[in-house]
There are 4 protein chains.
Amino acid sequence: MTVKDVPIGSKEVIVAAGPCAIESEEQLMTAAKAVKEYGGKLLRGGAFKPRTSPYAFQGLGIEGLKLLKKAGEAFGLVTVTEVVDQHDLDAVAEHADILQIGARNMQNYPLLIAVGKSKKPVVLKRGSSATIDEWLLAAEYILAQGNNNVILCERGVHPLDRNHTRYTLDLSSVPVVKTLSHLPVIVDPSHACGNWRYVSAMSKAAVAAGADGLIMEIHPCPSEALCDGAQALNLDLYAKLMGELRAIAVAVGRSLA
Amino acid sequence: MTVKDVPIGSKEVIVAAGPCAIESEEQLMTAAKAVKEYGGKLLRGGAFKPRTSPYAFQGLGIEGLKLLKKAGEAFGLVTVTEVVDQHDLDAVAEHADILQIGARNMQNYPLLIAVGKSKKPVVLKRGSSATIDEWLLAAEYILAQGNNNVILCERGVHPLDRNHTRYTLDLSSVPVVKTLSHLPVIVDPSHACGNWRYVSAMSKAAVAAGADGLIMEIHPCPSEALCDGAQALNLDLYAKLMGELRAIAVAVGRSLA
Amino acid sequence: MTVKDVPIGSKEVIVAAGPCAIESEEQLMTAAKAVKEYGGKLLRGGAFKPRTSPYAFQGLGIEGLKLLKKAGEAFGLVTVTEVVDQHDLDAVAEHADILQIGARNMQNYPLLIAVGKSKKPVVLKRGSSATIDEWLLAAEYILAQGNNNVILCERGVHPLDRNHTRYTLDLSSVPVVKTLSHLPVIVDPSHACGNWRYVSAMSKAAVAAGADGLIMEIHPCPSEALCDGAQALNLDLYAKLMGELRAIAVAVGRSLA
Amino acid sequence: MTVKDVPIGSKEVIVAAGPCAIESEEQLMTAAKAVKEYGGKLLRGGAFKPRTSPYAFQGLGIEGLKLLKKAGEAFGLVTVTEVVDQHDLDAVAEHADILQIGARNMQNYPLLIAVGKSKKPVVLKRGSSATIDEWLLAAEYILAQGNNNVILCERGVHPLDRNHTRYTLDLSSVPVVKTLSHLPVIVDPSHACGNWRYVSAMSKAAVAAGADGLIMEIHPCPSEALCDGAQALNLDLYAKLMGELRAIAVAVGRSLA
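Throughout what follows, the structure given in this document is the object of discussion. (Residues numbered from 1 in each chain as written. Chains lettered and ligands numbered in written order. Predicted model: local features only at pLDDT ≥ 70, side-chain atom pairs only at ≥ 80, totals over all residues. Heavy atoms only, no water.)

**Brief notes about helix H9 (residues 235-251) of chain A**
All names here are of chain A.
- The end-to-end C-alpha distance of H9, which contains 17 residues, comes to 25 Å, matching closely the 24 Å that a straight helix rising 1.5 Å per residue would cover.
- Listed as buried for H9 are Leu 235, Tyr 238, Ala 239, Leu 241, Met 242, Leu 245, Ile 248 and Ala 249.
- Of the residues trailing H9, Gly 253 is marked for its positive phi of about 80°. (Helix = DSSP H or I, 4+ residues; strand = E, 2+ residues; numbered from the N terminus. Expected span 1.5 Å × (residues − 1). Buried < 20%, exposed > 50% of the residue type's maximum accessible area, 1.4 Å probe, protein only.)

Here you go:
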């Protein structure tokens, strides 16, 4: 699949990076500039944020989508953002290049069907307790609508304990999916780890395991993030990691821009 | 809370029973008659069925809702059925007395908010990997809209293995919730067990643990069920179980009609 | 099976109670007196304590065994205590009526074989991540030595989260085991809950689910316990619970002394 | 730590390979020759096999130990083998260079203490439901006896489902342990995957994540293996993998012989 000249699921490993939540134009532009500079091809950023508590920051909504579109155009980046509600689908599809279905919505079938009908490329995250077969069947809800542009995303499963990580990144799902499906599979190390200290190691491991790409959270100032700052890499760490990932990609016979 | 004269969360333990999916008028009427005859106060039955595979039977839809309403009225039973899609909410709310949010949708926040706005009583099932705190915060999405008629429902969490049961019924959530929340909590032994052989034992255990009620699957002919027949009690077993539950209810200082 | 006139796995539900660790003669005698007074038939108490940290209290050892024997004889109670090390087996077997294999040692095969050769009755706890099939195969290690006096004990499996309970008590293992094996099965609500507030509810649920007995922790003064005080019932709560359990036992067609 | 000139926990990534169970001299010698030829420094092979069923092949025992010693000397390989029973410890310590504590015995404290007293280097596998803190405290049982030669080994934790893998390899434990402990940490991809198809991907991921080494199962003829043949690489795949691992090691600034 190719989205605006960016091949996904090819020999090239692609990286999507950006803030968990879009907070302001300055924040997003600063992040987007870094994404581009160090070789990221996709810009991620949440405008509609599903939050465990109804009293937590829920995202900037449409305003966030406009900022995402602006930043994507300014830096020539493909944009990806989560759609949480069918009612927002048209707006999200109009502003972003790739839709994302979050882990909580992996079995929200009306949403999957709506996304299927939209024909837009879509990142389908694995539910936190979904078996691989359940995940592939969720993808079928999209595929059955004639939308073949599905990108699977491993983001960690329910953990043994939450003392050190939020979820357990199940990297074995990468080679398993490669034996079961033609769909590309990428990895989100940020949500799985929940702690920036472990994100670089797990990103490298994901590429070594054969992932077609990564989607990770970076922030110009993680300590001031409105959402999930603890798991965001700052821009220096992101730059350093991209160099390391390039070496791993080459070591496994692939490339990274 | 009282729904059509049926108190929920009171000294009386209430039982909702009925088929997993509404399949035909005959099937539903036969089940409803048995529900009533042996002391059930609520009739359950799925019209919109969320299914892991898009190629499985998805329910009768509006036609099923009409049958549910008819059966409820015919036998004087309060009806409960799942709402899967915001777009169906008005229709479901019009035909049923109590809405149900399934485990897959526990964190489908737009749906929770819509149900909250509807002010209808709602059964909120625990997600299969949701912690108790995540479950209570999902309830807050409904409560925060001014809908106080939330009934929590334990239905099993991700199992250690699936050789003998589909999920692990976490009955300790009943006393835990009783120390954390004023909301009534009922138990669904059918989906947790996935096998009718274990449903009676777990129903009795739920009442002994302090549950305010049960929601269980029964079918006039489980072997011909279109959905989840393996976990449905036949009508004889249901009748026998109701007698046993009555004895347990009395033993814990409660009653069962 | 009958141990000193106490039938196990019969119509009568049996209760083993006592402190997690034997701490002193006064503590044990006080507990044993209460066990007897309110209908318990077995006295439990740990002399050799397997502890997660090597720097935690490890039990009184042989001195504890002597106290256990003394208390059992003083009050006419059958005694049960854990054996952790093959080297202690003779001493434990000499002082106690029933051996216990803890959850950590469920797959300690040399210990299982040694216990099998001893021919003493043995409580085999389910490992915290053991499937039911693995548990039954562990029992086979004992049975294969010609020791048929195996009592299975459900004590909770790895939990979804540890915010409210230490483990998830999998009561469905009770009816599952009853369809797979002739062995009696008892339940330990104390270690599963890890919090005395939930022990009564889960004890009642266990009996309602069909358990042949309970093994629970009680302490004359839980706040001063050297081990696991948070999950111990005080003697008043134990007395109250025994009355409630008797009613449940009758409700399921059994009895409790 | 250095065992017979092989540094463990240094810049060099070390690989231990060999059959799950030692079956015959020919089998072991053939495997050992391959281990050596393609850059492995350690030869693994089980003589005492802990098996879930008492009726499964339990290993060659002392005869196996002798073969292991012979093969190690013949090819200049450091040997590692599991000790299951304290009674076998002297024999195992006499024949092998490094002891292994299996996942089932991670909390077999008498065995840990005995191994601690032996002062032999020891690989301590993580229990299949052990938290990282429980694993590190198990290591303390060995360290507290004055034996500092502990090598931690991640081998997978209880899986979400067993349809595709036996366990979930928790590679995040590698960077987590690196922030908590000075001990070297290696990874066993074979037991976690339970399927040779996924072993290469996960081995590469482990090295990319920062593991100090790997311990993997290879067999001259996996389809005829007496134990766990499904997860063993054949010698050709092993040879190919070693070349790939070398490239990954270099990419992360390390080396592999």
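**What about the pattern of salt bridges?**
All names here are of chain A.
- All chains considered together, the criterion is met by 60 salt bridges over all chains.
- For Asp 188, the salt bridge goes to Lys 125, with nearest N and O atoms at 2.6 Å. Linking Asp 188 in the loop between strand S9 (185-187) and helix H7 (189-193) with Lys 125 in strand S7 (residues 122-125), this pair joins segments that are 63 residues apart in sequence. Here Asp 188 and Lys 125 have matching classes, each one buried.
- A salt bridge links Glu 154 to Arg 126; the shortest N-O distance between them is 2.8 Å. You can see Glu 154 sitting in strand S8 (residues 150-154) and its partner Arg 126 sitting in the loop between S7 and helix H5 (132-143), a full 28 residues away along the chain. Each member of the pair Glu 154 and Arg 126 is classed as buried.
- Linked by salt bridges that have partners in common, Arg 126, Glu 154 and Asp 170 make up one network. (Salt bridge = Lys/Arg side-chain N within 4 Å of Asp/Glu carboxyl O.)

**Brief notes about the interface of chain D and chain C**
- Each partner contributes residues to the interface: chain D has 28 residues there, and chain C has 28 residues.
- Taking both partners together, chain D and chain C bury about 2400 Å²; carbon and sulfur atoms supply 51% of that area.
- Three residues, Thr 52, Arg 104 and Tyr 141 of chain D, lead the burial of chain D against chain C; their summed loss comes to 21% of the area buried on that side.
- Our count for the chain D to chain C interface comes out at two salt bridges.
- Inspection of the chain D/chain C interface yields 22 residue pairs in polar contact (both at pLDDT 80 or more).
- Of all the secondary structure elements, the ones that give two or more residues to the side of chain D that touches chain C are helix H4 (109-118) and helix H5 (132-143) of chain D. (Contact = heavy atoms within 4.5 Å. Buried area = accessible area lost by both parts, 1.4 Å probe. Polar contact = N/O pair within 3.5 Å; in protein donor to acceptor, adjacent residues only side chain to side chain.)

**With respect to the relation of the copies chain D and chain A**
- Once turned by 180° and shifted 0.0 Å along the axis, chain D lies on chain A with an RMSD of 0.0 Å. Each copy turns onto its partner about a two-fold axis. It is Ala 205 of chain D whose C-alpha, among those of chain D, lies nearest the rotation axis, at 2.0 Å.
- Here 100% of the contact residues of chain D are again contact residues in chain A; the copies associate through an equivalent surface. (Least-squares fit on C-alpha atoms with pLDDT ≥ 70 in both.)

**Digging into the environment of Cys 227 of chain D**
All names here are of chain D.
- Following the sequence through the fold, Cys 227 ends up in the loop between strand S10 (213-217) and helix H9 (235-251).
- When the C-alpha positions of Cys 227 and Ala 91 are compared, they lie 22 Å apart, and in sequence the two are 136 residues distant.
- Not counting residues up to four positions away in its chain, the partners in contact with Cys 227 are Cys 20, Ala 21, Glu 23, Lys 49 and Arg 51.

**Details of the interface of chain D and chain A**
- On the chain A side, the residues contacting the 33 residues of chain D number 33 residues.
- Roughly 2600 Å² of surface becomes buried between chain D and chain A when both sides are summed, with 74% attributable to carbon and sulfur atoms.
- Of all residues in chain D, the largest losses of buried area upon contact with chain A belong to Leu 160, His 164 and Tyr 198 of chain D, amounting jointly to 21% of the total for that side.
- In this assembly, chain D and chain A are joined by zero salt bridges.
- Inspection of the chain D/chain A interface yields six residue pairs in polar contact (both at pLDDT 80 or more).
- Looking at the side of chain D that touches chain A, the elements with two or more residues in it are H5, helix H6 (173-180), helix H8 (199-208) and H9 of chain D.
- The greatest single-element share of the side of chain D that touches chain A, amounting to five residues, is contributed by H8 of chain D.
- The residue inventory of the side of chain D that touches chain A, partitioned by class, reads 19 nonpolar, nine polar and five charged. (Nonpolar A, V, L, I, M, F, W, Y, C, P; charged D, E, K, R; others polar.)

**Concerning unusual backbone geometry**
- Although it is not a glycine, Lys 4 of chain B adopts a positive phi angle of roughly 45°.
- Along the chain, Lys 4 of chain B turns up in the loop between strand S1 (2-3) and strand S2 (6-7).
- In this structure, Asp 228 of chain D is a non-glycine residue whose phi angle is positive, near 55°.
- Within the element layout of this structure, Asp 228 of chain D appears in the loop between S10 and H9.

**Section: the pairing of strand S7 (residues 122-125) of chain D**
All names here are of chain D.
- Side chains Val 122 and Leu 124 of S7 all project onto a buried face; the interleaved residues Val 123 and Lys 125 project onto the opposite face, where all are buried too.
- Where strand S6 (residues 98-101) lies against S7, three bridges are found, and the strand directions are parallel. Across the sheet, residue Leu 99 finds its bridge partner in S7, namely Val 122.
- Handedness of the S6-H4-S7 crossover: right-handed.
- In this sheet, strand S8 (residues 150-154) lies alongside S7 in parallel orientation, the contact comprising four bridges. The partner of Val 122 across the bridge, within S8, is Val 150.
- Each parallel crossover has a hand, and for S7 linked through H5 to S8 it is right-handed. (Pairing = 2+ DSSP bridges. Right-handed = clockwise from strand over helix to strand, strands pointing away.)

**As for the relation of the copies chain D and chain C**
- Relative to chain C, chain D is turned by 180° and slid 0.0 Å along the rotation axis, the superposed coordinates differing by an RMSD of 0.0 Å.
- Most of the interface of chain D is mirrored in chain C: 100% of its interface residues are interface residues there too.

**Structural notes on the state of the cysteines**
Residues and elements named next belong to chain A.
- Inspection of the entire model under this criterion finds zero disulfides over all chains.
- With no disulfide partner, Cys 20 has as its closest neighbouring cysteine sulfur the one in Cys 227, 3.3 Å distant.
- A relative accessible area of 5% means that Cys 20 is categorised as buried. (Disulfide = S-S within 2.5 Å.)

**Considering the packing of helix H4 (residues 109-118) of chain B against helix H5 (residues 132-143) of chain B**
Residues and elements named next belong to chain B.
- Two numbers describe how H4 lies on H5: the axes approach to 7 Å, and their chain directions differ by 45°. By the angle class used here, H4 and H5 are oblique. The segment H4 lies against H5, with Tyr 109, Leu 112, Ile 113 and Gly 116 engaging Ala 138, Tyr 141 and Ile 142.
- Its residues placed into classes, the contact of H4 with H5 shows six nonpolar, one polar and no charged. (Axes fitted to C-alpha atoms, helices over the stretch in contact; angles between N-to-C directions. Parallel < 35°, antiparallel > 145°, perpendicular 65-115°, else oblique.)

**Points about the packing of helix H9 (residues 235-251) of chain B against helix H9 (residues 235-251) of chain C**
- Where H9 of chain B meets H9 of chain C, the axes come as close as 9 Å, and the angle between the chain directions of the two elements is 165°. When the axes of H9 of chain B and H9 of chain C are compared, the pair comes out roughly antiparallel. Where H9 of chain B crosses over H9 of chain C, the handedness of that crossing is right-handed. Across the interface between the two elements, Ala 247, Ile 248 and Ala 251 of chain B of H9 of chain B pack against Ala 247, Ile 248 and Ala 251 of chain C of H9 of chain C.
- Grouping the constituent residues of the contact of H9 of chain B with H9 of chain C by class yields six nonpolar, no polar and no charged. (Left-handed = near helix turned anticlockwise from the far one by under 90°.)

**Describing the side chain of Gln 231 of chain B**
Residues and elements named next belong to chain B.
- By the element assignment, Gln 231 lies in the loop between strand S10 (213-217) and H9.
- The exposure class of Gln 231 is buried, given its relative accessible area of 2%.
- Not counting the four nearest positions on each side in its chain, Gln 231 is found in contact with Arg 166, Ser 190, His 191, Gly 194, Asn 195, Trp 196, Val 199 and Glu 217.

**Overview of the pairing of strand S3 (residues 12-18) of chain C**
Residue and element names in this part refer to chain C.
- Counting buried positions along S3 yields seven of seven residues, so the element is predominantly enclosed.
- What you see with S3 is no split at all: Glu 12, Ile 14, Ala 16 and Gly 18 on one side and Val 13, Val 15 and Ala 17 on the other are buried throughout.
- Of the pairings in the sheet, the one linking S3 to strand S11 (residues 255-256) comprises two bridges and is parallel in character. Counted as the bridge partner of Val 13 is Leu 256 from S11.
- Of the strand pairs in this sheet, S3 and strand S10 (residues 213-217) are connected by five bridges, and their pairing is parallel. Looking across to S10, one finds that Ala 16 is bridged to Ile 215.
- Here two bridges tie S3 to strand S4 (residues 42-44), and the two strands are oriented parallel to one another. Bridge pairing links Ala 17 to Leu 43 in S4.

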